[in-house]
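Results of the structural survey
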Amino acid sequence: MSVSFALTESSLLQKNAYPADELMPLSCRGRVRGQEPNRGDIDESLGKFSLTLIDTLDTLVVLNKLDEFEDAVRKAVSDVRLDNDVVVSVFETNIRVLGGLLGAHVMADLLRQRGERMQWYQDELLHMAKELGHRLLPAFNTSSGLPYPKVNLRYGVLNPLSRTGTESDTCTACAGTMILEFAALSRLSGESVFEENARKALDVLWERRQRGSDLVGTVINIHNEEWVRRDSGVGAGIDSYYEYLMKAYILLGDNVFLDRFNVHYSAIMKYISQPPLLLNVHMHNPTVSVRSWMDSLLAFFPGLQVLRGDLKPAIETHEMLYQVTKQHKFLPEAFTTEFRVHWGQHLLRPEFAESTYYLYKATGDPYYLRVGQSIVEKLNAYARVPCGFAAVQDVRTGIHEDRMDSFFLAEMFKYLYLLFSEKSQLPIDIDEYIFTTEAHLLPVSLSTTKPSCQGNNTVRAEDLFSHSCPSMETLFPNNPSFAKTIRDVTSLRDLTFCPVGKRFLKTPLIEKVLSTIKCEWVMTKYDAHICFQDQKGVYHVKLVAEIKQTPEEEEVVPHVVQLISPPFLGRTVLTAGPAKFGMDLTKREHGASPYTACGEIVNAQELRGQIALALRGDCMFAAKARRLQEAGAVGVIFIDHHEGSNSEETPLFQMVGDGYATDDIRLPLVFLFSREGAVLTAALEEHQNVDVLLLPKERQLGHGEDQRPAHSSLLVGSSLVGAFLDVPPYFPDNVEKSVGMNIRLRLAKEEVGVEGPTLEFLLSEGEALVREEEQQQFCTESSGKDPPELCSTTASSQTLSSDGRLLPAP
């Protein structure tokens with residue numbers, strides 16, 4: 001990626017967006033909060049403080065564009081205000097704005113000390129950072145020390161004018177990703193209060209870990225410290241909590257952070273890591289996986305593993321992620337263990353590029369340069385638009401969103417530029433800095449600054465890397481063949497992974513096959529194989545499984561919302577997606593009626609007997625449905641918050657539950673994309689009361705026999721306000737499905753990989769057809785060949801009874 005490539009985006013931002021917070025790349029204008037349609041929680045990154053300008057200041061220094069950096073600093077100092085009457089995310093404001101101000105101050109101070117430029121600079125950015133820090137501090141005014149998730153920049157929290165303070169929950173990453181910026185601010189400003197509050201929040205999360213597993217959950221109550229969501233992984237909701245424990249040790253030199261990280265890391269590698277997969281588990285019962293999909297935010301984890309010096313699993317997981325990008329051009333926001341799209345949005349997230357950078361610097365393998373090149377090429381081919389780069393609404397369709405988050409310029413450009421740059425080409429010694437989660441640069445020399453406050457003690461988990469600061473020379477074999485060996489062994493290009501909870505079992509059918517070829521069963525943690533031994537040595541036959549759903553692609557039955565009251569009279573029909581829980585509308589028709597519905601339902605009496613209209617986001621579909629059902633609603637229509645989405649360009653999907661039993665939800669539920677939802681809300685605004693039907697598409701009125709399902713008036717609730725998270729909704733797939741298993745047996749000498757003939761057959765519970773395309777068995781007498789000869793047998797078909805016995809073919 002060339003410097004001019006990055007500077008093009010900087011100039012586009014200045015020309016089309018400044019002083020707005022973000023550039024809208026399709027509209028070629030700035031996104032100003034309140035002037036564009038509300039996107040809920042997504043907009044809480046925007047504080048009318050020129051977000052993208054501040055977030056990308058230190059990127060200009062890395063690119064060695066120092067004149068542009070100095071001009072941008074002048075703009076920030078003269079134009080940016082931090083006292084706006086606006087509610088913002090504490091987490092996003094900390095990592096993007098506070099981190100951006102601190103990183104830029106460190107760069108400006110360095111240039112000033114060199115005496116070549118910035119001689120006018122008098123720590124203005126540090127003063128701004130201190131002001132912002134004080135504006136974020138009210139969020140920590142809780143009994144637990146865990147911060148509120150939102151704060152008003154002018155009025156703080158709980159002030160009658162603040163419009164915040166009613167929140168009860170926050171994500172683990174939200175509370176645990178403050179220490180780098182807050183500690184740096186304390187040590188640069190001399191005010192200890194920032195570091196003290198960030199440390200206290202980390203103390204609470206550490207104390208509330210599940211002591212049996214040493215894992216943490218995803219969402220915690222900030223008042224009673226109880227876990228609200230107990231699923232545990234390394235992706236959305238938790239990711240940067242782990243990252244900041246490791247990096248806080250590097251930045252601050254305090255062993256307490258490393259000790260805690262090592263305890264958590266051991267638990268992650270024991271329960272969550274199933275190389276190359278990283279799957280969420282239940283924190284209280286970590287042997288139970290809670291979903292069969294992964295989210296794109298976990299792509300940072302291989303980079304964190306490189307920092308710890310654990311290179312092998314980092315290479316394996318990164319290679320798996322690379323195969324997903326090859327299949328879908330980008331990492332979808334969520335994807336299954338079979339590499340299928342679970343949620344197709346791609347927001348130009350930088351985490352995969354980040355891990356690619358770390359792996360290249362650790363191994364020196366040019367393979368990772370080629371991975372970086374593919375990232376650049378795909379961005380140019382599929383995301384570049386005349387006014388910048390646009391997020392992708394769905395990787396399956398390639399439709400763009402009018403959205404370019406500030407992290408794209410702050411992180412993606414930085415990591416890709418550093419990936420292709422030599423250290424001698426950079427204006428700074430990059431090894432003297434630690435990257436924050438937003439890729440801002442903080443000097444590791446802060447560890448020599450007198451600590452602003454004392455840390456507590458943690459029981460240590462000693463191992464090889466417990467107190468090592470990783471370096472390429474001592475921990476990483478800077479040998480390209482090392483990484484290649486691990487990638488080759490992983491063999492990801494030929495592997496389709498098992499769904500969660502499905503493991504190879506020594507069934508009677510497999511035993512039958514093994515006894516036929518006189519082999520011994522061997523089971524490891526992550527795969528299974530059989531082996532046999534003769535005078536020449538030990539040979540392995542590895543079982544490579546392809547697990548497919550039956551049918552391969554589960555059909556999504558289109559539903560509709562049909563407006564039947566005057567003046568519509570059934571002529572307005574909106575295509576809708578169904579849900580996997582709640583009332584089955586393919587068996588019953590039902591009338592239906594509204595919210596975000598993630599908090600107390602304030603107009604429950606108005607909703608009773610009506611169909612509830614609910615905006616997507618902020619909490620899970622099942623949680624909304626339960627609250628509205630308790631309020632007395634007779635059905636729910638969910639509307640997508642992604643502006644411009646529609647059923648013609650975006651594939652329908654089924655809303656899935658929250659990982660827990662959903663039998664208690666009896667409401668009929670459907671989902672409308674944004675454009676169809678706009679038709680419905682426009683009808684409501686004009687006619688106040690609109691009667692609608694919720695039913696399968698083929699059974700809509702006017703098609704086939706005249707059906708007269710019950711219906712009710714649809715009312716707009718008084719709390720129809722959007723609030724959305726910038727992370728994938730929680731969609732665990734807890735629905736049992738029949739599974740077909742294709743198992744190929746490949747003969748290979750141990751650790752050599754020589755391919756041999758294969759046996760292919762189909763297994764499933766109950767009766768199953770056995771297809772033996774190339775059944776062969778080992779000769780009982782020694783052939784003297786290496787590997788031993790295989791003797792042909794006659795192919796046959798058999799069935800497997802419910803008790804596992806082989807039955808003769810009919």
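Keep in mind the model is a prediction, meaning the values are calculated, not measured.

As a further point, take the sheet that holds strand β12 (residues 285-289). Two strands in a sheet stick together by hydrogen bonds in their backbones, pointing the same way (parallel) or opposite ways (antiparallel). Spatially, 3 strands are ordered β8-β11-β12 in an open sheet, and the strand pairing comes out antiparallel. Since the sheet does not close on itself, it has two edges, and those belong to β8 (231-232) and β12, each with one partner. Judged from the 2 bridges that link them, strand β11 (residues 281-282) and β12 form a sheet pairing that is antiparallel. When the sheet's bridge partners are listed, Val281 is paired in β12 with Ser289.

Sites flagged by UniProt as "active site" (unreviewed entry) map to Glu92, Asp239, Glu333 and Glu351. Topologically, Glu92 is positioned in helix α5 (residues 90-114). Setting aside chain neighbours within four positions, we find Glu92 in contact with Ser45 and Val97. Considering the arrangement of structural elements, one finds Asp239 in helix α10 (residues 239-252). With a relative accessible area of 12%, Asp239 lands in the buried category.

With that settled, the discussion passes to the UniProt feature "binding site: Ca(2+)" (unreviewed entry) in the protein chain. When the UniProt feature table is mapped onto this chain numbering, "binding site: Ca(2+)" (unreviewed entry) sits at Thr437. By the secondary structure assignment, Thr437 is in the loop between β18 (433-435) and β19 (441-443). By relative accessible area, which is 15% here, Thr437 ends up buried. With sequence-adjacent residues up to four places away left out, Thr437 is seen in contact with Ile95, Thr177, Ser240, Glu243, Tyr244 and Glu411.

With that settled, the discussion passes to unusual backbone geometry. Put simply, Tyr18 and Pro19 share a cis peptide bond, and its omega is 5°. In this fold, Pro19 is placed in the loop between α1 (3-16) and β1 (22-24). The omega angle of the peptide bond from Pro275 to Pro276 is 5°, so this bond is cis rather than trans. Among the structural elements, Pro276 can be located in the loop between β9 (273-274) and β10 (277-278). A positive phi angle, near 60°, is found at Lys48, a position not held by glycine. Structurally, Lys48 can be placed in the loop between β2 (29-31) and α2 (51-55). A positive phi is found at Met118, a non-glycine position, where the angle reads about 60°. Within the secondary structure, Met118 is located in the loop between α5 and α6 (124-136).

Core analysis: the biggest nonpolar cluster contains 155 residues, and Phe69 and Leu379 have the highest contact counts within it. With 12 residues, α5 is the largest single contributor of residues to this core. Among the domains, domain 1 (1-166) and domain 2 (168-291) are the pair contributing at least three residues each to this core. With residues near it in sequence (within four places) discarded, Phe69 still touches Leu57, Leu60, Val61, Ala104, Met107, Ala108, Leu111 and Met118. In terms of nonpolar packing, the next biggest core, distinct from the first, is built from 20 residues, Ile601, Ala633, Leu669 and Phe673 among them.

Before going further, it helps to examine the side chain of Glu36. Topologically, Glu36 is positioned in the loop between β2 and α2. Side-chain polar atoms of Glu36 contact the side chain of Arg29, separated by 2.9 Å. Here Glu36 is in contact with Met24, Arg29, Gly30 and Arg31, once residues within four sequence places are set aside.

What follows is about the sheet that holds strand β7 (residues 227-229). A sheet is described by the order of its strands in space; here 3 strands give the open sequence β5-β6-β7, paired in antiparallel fashion. Where the open sheet ends on each side, the last strands, each with one partner, are β5 (169-171) and β7. Averaged over all pairs of adjacent strands, the angle between their axes in this sheet comes to 35°, without regard to strand direction. Relative to β7, strand β6 (residues 219-221) is paired through 2 bridges, and the arrangement is antiparallel. What sits directly across from Ile220, in β7, is Trp227.

As a further point, take the pairing of strand β27 (residues 635-639). By the criterion of burial, β27 is predominantly enclosed, with 5 of the 5 residues buried. Burial along β27 is two-sided: Gly635, Ile637 and Ile639 facing one way and Val636 and Phe638 facing the other are all buried. Note that strand β26 (residues 611-615) and β27 share 5 bridges and pair parallel. Across the sheet, the residue bridging to Leu615 is Ile639, located in β27. With 4 bridges joining them, β27 and strand β28 (residues 669-672) adopt parallel strand pairing. In the sheet register, Ile637 faces β28, and the bridge partner there is Val670.

The next point concerns helix α12 (residues 301-308). Within α12, 8 of the 8 residues are buried, which leaves the element mostly enclosed by the surrounding structure. Of the residues making up α12, those classed as buried are Phe301, Pro302, Gly303, Leu304, Gln305, Val306, Leu307 and Arg308. Of the surrounding secondary structure, the elements contacted by the buried residues of α12 are α10, α11 (255-272), β10, α13 (311-328) and α14 (351-363).

Procedures and definitions
Within every chain, residues take consecutive numbers counted from 1 along the sequence as written. Local features in this predicted model are restricted to residues of pLDDT 70 or higher, and side-chain atom pairs are both shown and tallied only at a pLDDT of 80 or more, whereas totals for entire chains, interfaces and linings draw on every residue. By convention in this description, side-chain values take in all heavy atoms of the structure and omit both hydrogens and water. Whether two strands pair comes down to DSSP finding at least two bridges between them. Secondary structure elements follow DSSP: runs of H or I no shorter than four residues count as helices, runs of E no shorter than two count as strands, and numbering proceeds from the N terminus. UniProt positions are given in the numbering used here, feature names are shortened, and annotations may be inferred rather than shown by experiment. Residue contacts are counted whenever heavy atoms from the two residues lie within 4.5 Å of one another. Exposure classes here rest on a 1.4 Å probe applied to the protein chains alone. A residue is buried below 20% of its type maximum, exposed above 50%, and partly exposed in between. What we call a nonpolar core is a set of buried Ala, Val, Leu, Ile, Met, Phe, Trp, Tyr and Cys residues that are connected through their side-chain atoms within 4.5 Å. Note that domain bounds follow an automatic or database assignment of domains. The definition of a polar contact used here is a pair of N or O atoms within 3.5 Å, where within protein one atom must be able to donate a hydrogen and the other to accept one, and adjacent residues in sequence count solely through side-chain atom pairs. Note on method: axes are straight lines fitted to C-alpha atoms, helices fitted across the in-contact stretch only, with angles between N-to-C directions ranging 0 to 180 degrees.

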